[in-house]
Amino acid sequence: MLVVNDAPTTLDLEPRVSLLDALREHLHLTGTKKGCNQGACGACTVLVDGRRVLACLTLAMQVEGREVTTIEGVGPHPLQAAFVRRDGLQCGYCTPGQICSAIGMVAEHRHGAASVVTDDVTTTPDLTPEEIRERMSGNLCRCGAYNGIVEAIVDTAPAMAEMAPALTPVPA
Amino acid sequence: MTTTTPAPAIRPAAPSRPRPHAPESGPWVGRPVDRRDGPTKTTGTATFSAEYQLPDLAHGWLVHAPIARARITAIDDAAARAHPGVLTVLSHLNTPRLKPSPARPSLLDMSTMVGGTRVDYLGTDEVFFDGQPVAVVVAESLEAAQYAASLVQVDYAPLPATIDFAAAAAAGRATPVKQSLGMPTLVGSVGDADAALGRAAHVVDLHFTTPGHNHNALEPHATTAVWDGDRVTVWDATQGIDWFRKHLALRFDVPVESVRVIAPFVGGGFGGKGSVWAGTLLTVLAARVTGRPVRMALSREAVNRVVGGRTPTRQRVALGADADGRLTSVIHEAVLRNSPVGGGPEQVVGASGDLYASPHVRLVTSMVTLDLVPNTFMRAPGESTGSFGLESAVDQLAHDLGVDPLELRLRNEPETSALHHRAFSHRRIRELLHVGAEAFGWADRTPGGRRDGSQLVGHGLALAYHPAWEFPANVTLLLRRDGTALLRCGFQEMGMGTATVQAQVVADALGIPFDAVHVDYGDSDLPIAPNAGGSTQSASIAAAVLRSAAKLRRAVSQLHQRPGESLAQTLTRVGRDVEVSVGSDVGVGAAATSVRFIATTLLNQRRWVRAASGAHFCEVRVDADTGEVRVTRWVGAFDIGTVLNAKTAASQLRGGIVMGLGLALTEETVVDGRTGRIMNAGLAEYHVPTHADVPHIDIHLLDDPDPTMPLGVLGAGEVGITGVGAAIANAVFDATGRRVTDLPLTLDRVAP
């Protein structure tokens, strides 16, 4: 039993089924993409209780009782329109992961998370293009639409910060 | 009276020049309208080939040979078959053979060239490369198929294999390639380049190496197939719907009309989805044998092992120049690799016959044959790696002469192509250098670099160059009495924005609003579109759209069109819709199209040189202690002829440059020289550029139509990647004084 895009969902799965395959193959929520199945590309990024998670490295069993939000459940979101306006996509295969990742990234930032390019980790840095690039580097785009993606996030970051959920501490 | 030659007019860059227009009226061509597939892709509703839901769907998984050359001596699939949910295990022991690939490809039917390899998968006990599929497990679930594949035991008797590219090339095993008529330049000579080099006042003679690369489009190759009697429907990740359809018909021995290929959205290709590889064939085969719909989505590792990549290269570029820096000799030699079961040469040396003036030119290409998965085209095949050699050598010559590398290029700007003495249809390299230099502030830099704390800062420049081609395209165009239009054409949307830009072309051609044009695509039931390859698709389809619009205008004019009446007004008044078609998919019409295509291509090649071009300017920061290279600034000025959509064109060019950053800095397919195994067949080990690697890329477009291409379009998909490797290597040279001639520019090569 888990909640997917606000809908309580019961699944009967083998223990080896990943969250990604549960979404794609069992719930037919194919907006979440499989690019590498080894946590290297970010195409499968979804939000679990508001935090960004790689669905390919998460077993479906691990999200028992938790809230999963996929690209099908984030909208309508201003970042989606900004991606189109800024041409932050070409083939579109990495796009759902980029959008979910950006939403989770802004929530992390709002809660004070530093990054490796943050000079002073005792303060929360502004979400500059440099900070965004660093924090989004887990999401690959082989078409090279990175400029537009960063511009779309810059455009939308203030609105996203207001929408960001309160993050609870990561369960031990 | 004295006259002075005016400096060439420099047209401002398109993105900063809004065209005058009313919101709902044309011209639409050129405007940076949003891509139409944007909303479906940002909401997760665009459906890719592994995502079609079919009842009773079964899943396939490949078993790969872990050896480069061998014969299979035994296969034990009992454990796999016993695994719950497994339907069957297919191998050469139990599987009907496919018809062979055509032995001799024909220009008249280019689908004959589309087989990625000549291997008779599951029809032979012979292994030709590591990773070759030797069995397919089909199961009720993805998990069962994947796990059961690991239970299949295959025994092999090894055979001798040749694997090591550098060793084979050094041993003199390379065979010279012959130039084929109509194909890109691989070989050519004018004058006596070696003698001229011997006499030259200044000589640069450098050897370069570039490694193999893999496309690694974010969407792994995936196929879903279902048979209904002798008819099959195939959802596939393909760059060439029609060629795939014809190839499948041939291999499965069914009429072409019995095969339907559907591919509206493809998650990136870059050439890797331009040929029919094992995954497509074996999914269709598994569906036929089991009688079930079958999906096979390849793993990332499988994509790297069964789909070819870019050939590694070894190059020699020798330039001779007089005291003023004018080239007297250009020699470009390249050694590439293919495989006994496929692959072919790339135009590594081609641009060296066009880019600069020189009375003496010698271009040579040769190949070694290695027992690896065949090489295949990858974004700007040849031009992307060859430009690294040529443009690095030109930079070195400028340094040796003490001349600004921009000035040296201006001095060697040709009137006609050096190799063939052919006219350029359109050449704007001087303007590109000026536009790019001004935007970058090239004149303000400190040549020889400067130190900023622990970083060495340097600047580099290189030219970009990619030939323009045109292929036949068939379309139908319908104009309705309500003023809306429908364009039908069987291309696929792979990120180029094809549906968007062709709707812009239709809107202007018919004088109707952009939003009134609908485009149907992505299905072999539609008129035949050209392959998405060679940066040809936009120009080729635009040519057909313009012809269809002219035909439609003629048809409407015969409906007693009144003076001053628009096409749609006439149709409204007479109460009719009008549909026209251009090109024929079958029969005599199709054959005539092929013959005309070959004749036109050959004629055009004799008349002029047509190419998209560009000038890259970049800044790098090199860590003085570690040698880590960061690219911090980029300006690219491009001549792609007419700009159909300033937004999507700039994105394509940026995309090429980003892939070029990977080529320059991180990308390398590493093959174990003992086993032939790709050692980094995944995105954790094969490093493509990430967000943090890519600065803002400033694109400038001349937007100057080529007078000989349809609508003046030269193609934007590949020119962006050419020259990028050299621009960065030249900037690293400027920063550090080290001329690195081997890609990628990793720390060990750059560090002091």
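Before going into details, it helps to say that this report is about the structure given with it. Note that the structure is a prediction, hence the values are computed from the model and not measured.

**Overview of the interface of chain A and chain B**
So, step 1. Across the boundary between the two partners, chain A contributes 48 residues, which contact 60 residues of chain B.
So, step 2. Taking both partners together, chain A and chain B bury about 4200 Å²; carbon and sulfur atoms supply 55% of that area.
So, step 3. At the boundary of chain A and chain B, one finds five salt bridges.
So, step 4. Counting residues per element, the ones that place at least two in the side of chain A that touches chain B are α1 (19-26), α2 (71-74), α3 (78-85), α4 (95-110), α5 (129-135) and α6 (146-163) of chain A.
So, step 5. It is α6 of chain A that provides the largest number of residues to the side of chain A that touches chain B, a total of five residues.

**Examining the packing of helix α16 (residues 646-665) of chain B against helix α17 (residues 724-736) of chain B**
Residue and element names in this part refer to chain B.
So, step 1. Where α16 contacts α17, the axes come no closer than 8 Å and their chain directions differ by 55°. By the criterion of interaxial angle, the relationship of α16 to α17 is oblique. Classified by chirality, the crossing of α17 by α16 is right-handed. Seen from α16, the contacting residues are Ile657, Gly660, Leu661, Leu663, Ala664 and Leu665; seen from α17, they are Val724, Gly725 and Ile728.

**Here we look at the pattern of salt bridges**
A side chain with one charge can pair with a side chain of the opposite charge if their charged atoms come near.
All names here are of chain B.
So, step 1. Counted according to the given criterion, the structure contains 49 salt bridges over all chains.
So, step 2. Residue aspartate 324 pairs with arginine 326 through a salt bridge whose shortest N-O separation is 3.9 Å.
So, step 3. Given the relative accessible area of 45%, aspartate 324 is considered partly exposed.
So, step 4. Two residues, arginine 573 and glutamate 565, come together in a salt bridge whose shortest N-O distance is 2.8 Å.
So, step 5. Several salt bridges share partner residues, and in doing so they unite Asp194, Asp205, Arg316, Glu333 and Arg362 into one network.

**Notes on helix α14 (residues 567-574) of chain B**
All names here are of chain B.
So, step 1. Turning to α14, its buried residues are Leu567, Ala568, Thr570 and Leu571. Buried positions in α14, seen along its axis, are confined to an arc of 160° and lie on one side of it.
So, step 2. In the segment just after α14, glycine 575 is the residue with positive phi, at about 70°.

**Some thoughts on a positive patch on the surface**
Residue and element names in this part refer to chain B.
So, step 1. A cluster of like positive charges, contributed by Arg547, Lys551, Arg554 and Arg596, occupies part of the molecular surface.
So, step 2. Per element, the largest residue contribution to the positive patch is three residues, and it comes from helix α13 (residues 537-557).
So, step 3. Positionally, lysine 551 belongs in helix α13.
So, step 4. On the basis of relative accessibility, which here comes to 36%, the residue lysine 551 falls in the partly exposed class.

Cut-offs and rules
Residues numbered from 1 in each chain as written. Chains lettered and ligands numbered in written order. Predicted model: local features only at pLDDT ≥ 70, side-chain atom pairs only at ≥ 80, totals over all residues. Heavy atoms only, no water. Contact = heavy atoms within 4.5 Å. Buried area = accessible area lost by both parts, 1.4 Å probe. Salt bridge = Lys/Arg side-chain N within 4 Å of Asp/Glu carboxyl O. Helix = DSSP H or I, 4+ residues; strand = E, 2+ residues; numbered from the N terminus. Axes fitted to C-alpha atoms, helices over the stretch in contact; angles between N-to-C directions. Parallel < 35°, antiparallel > 145°, perpendicular 65-115°, else oblique. Left-handed = near helix turned anticlockwise from the far one by under 90°. Buried < 20%, exposed > 50% of the residue type's maximum accessible area, 1.4 Å probe, protein only. Arc of directions from axis to C-beta. Patch = residues over 30% accessible without salt bridge, like charges linked within 9 Å, V, L, I, M, F, W, Y side chains within 5 Å. Areas by Shrake-Rupley, 256 points an atom, 1.4 Å probe, with all protein chains shown as cover. Lys, Arg positive; Asp, Glu negative; His and termini not counted. Charge placed at Lys NZ, Arg CZ, Asp CG, Glu CD.

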